[in-house]
Amino acid sequence: MIDINYYKKLFFNEETGKERYSLIQKEAVNTYKNNSVENSIVIAFECYNSDIYYIQAFGVFIMGLIASKNKKIYDFLKNEVSKNTSWQVQEFLAMAFDNYCKGIGYRNSLGVINDWLKCKNENNRRAAIEGLRIWTKRPYFMNNPEEAIKIISDHKDDTSDYVRRSAGNSLKDISKEFPELIKQEIDKWNLDIKQIKQVYKLASKFLEKY
């Protein structure tokens, strides 16, 4: 049994009235490193079952560190955490997805990435795109930027505004290092489609000189 009050005090700054998100991540890594996988799972679920979103987020981050070694945890992230109504928890689902991909290797993650991007739940799709930002800073994709651009661009007309904004911002990130590749991609888009034009505006923000 863990002390939820300890984590409440640790993760919430009473003076500023804000959560300490970087500390949540750091503490989750320390918890994972200093406990067995079994104990880490217990801690993660006890925290996720809290009614406090930043404690839930702590549990989700731990799960992301475990997921590459435990299919049940991976399935829980994919099928259950994705239904959580807290946007803060969804931010941590994206981080958890990235840690899962890191755990199995980004090249080996291509099938999983595409699987999440086909999910009906917009939170899964968004987590797959958002979690890997900046895509071209990740192993495999740093040497294969075209592949990252194609995967993201395939969601330029996603039905979810939430996903489209993530796609546009992810392409914008990549444009700082690979402006020509992004320009080549977005120049092919049909801007008569409202959803695509929205993503175009985000993706092209740093491309004025090209």
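Q: I'd like a description of the state of the cysteines, backed by residues and values.
A: A full pass over the atoms with the stated rule returns zero disulfides. Counting only cysteine sulfurs, Cys101 is the nearest neighbor of Cys119, a cysteine outside any disulfide, at a range of 13 Å. Using a relative accessible area of 15% as the deciding quantity, one classes Cys119 as buried.

Q: Outline the environment of Trp189, supporting the account with residue identities and numerical values.
A: Mapped onto the elements, Trp189 comes out in the loop between α11 (179–186) and α12 (194–203). Under the relative-accessibility criterion, Trp189 is labelled buried at 8%. Distance in space between the C-alpha atoms of Trp189 and Ser153 is 9.6 Å, their sequence separation being 36 residues. In this structure Trp189 touches Ser153, Lys156, Leu171, Ile196, Val199 and Tyr200, once residues within four positions along its chain are discounted. A polar side-chain atom of Trp189 sits 2.8 Å from a polar atom in the side chain of Glu185.

Q: Break down helix α6 (residues 87–104) for me, with residues and values.
A: Its 18 residues place the ends of α6 26 Å apart at the C-alpha level, agreeing with the 26 Å of an ideal helix rising 1.5 Å per residue. Restricting attention to buried positions, one finds in α6 the residues Gln88, Val89, Gln90, Phe92, Leu93, Ala94, Ala96, Phe97, Asp98, Asn99, Tyr100 and Cys101. Trailing α6 by a residue or two, Gly105 shows a phi angle of about 95°, which is positive.

Q: Hey, could you go over the nonpolar core for me, with residue numbers and the actual values?
A: When a protein is soluble and globular, its nonpolar side chains tend to lie buried together. Residues Phe58, Ile113, Trp135 and Phe141 are the most contacted members of the largest nonpolar core, which totals 65 residues. With near-sequence residues (within four places) excluded, Trp135 lies in contact with Ile113, Ala128, Ile129, Phe141, Met142, Ala148, Ile151, Ile152, Ser170 and Ile174.

Q: How would you explain the packing of aromatic side chains if you had to name every residue and give the values?
A: The final tally for this structure, using the stated rule, is 15 aromatic pairs. Where Phe61 meets Phe92, the ring centres are 6.2 Å apart and the plane angle is 70°; that geometry is what we call edge-to-face. Of this pair, Phe61 sits in helix α4 (residues 53–66) while Phe92 sits in helix α6; the two residues are 31 residues apart in sequence, bridging distant segments of the chain. Relative accessible area serves as the criterion here: at 7%, Phe61 is assigned to the buried category. Judged by its relative accessible area of 1%, Phe92 is buried. Each residue in the set Tyr6, Tyr7, Phe11 and Phe58 is aromatic and connected to the rest through ring pairs, giving one cluster.

Conventions and cut-offs
- Residues numbered from 1 in each chain as written.
- Predicted model: local features only at pLDDT ≥ 70, side-chain atom pairs only at ≥ 80, totals over all residues.
- Heavy atoms only, no water.
- Disulfide = S-S within 2.5 Å.
- Buried < 20%, exposed > 50% of the residue type's maximum accessible area, 1.4 Å probe, protein only.
- Helix = DSSP H or I, 4+ residues; strand = E, 2+ residues; numbered from the N terminus.
- Contact = heavy atoms within 4.5 Å.
- Polar contact = N/O pair within 3.5 Å; in protein donor to acceptor, adjacent residues only side chain to side chain.
- Expected span 1.5 Å × (residues − 1).
- Core = buried A, V, L, I, M, F, W, Y, C linked by side-chain atoms within 4.5 Å.
- Phe/Tyr/Trp six-rings, centres within 6.5 Å; stacked < 30°, edge-to-face > 60°.

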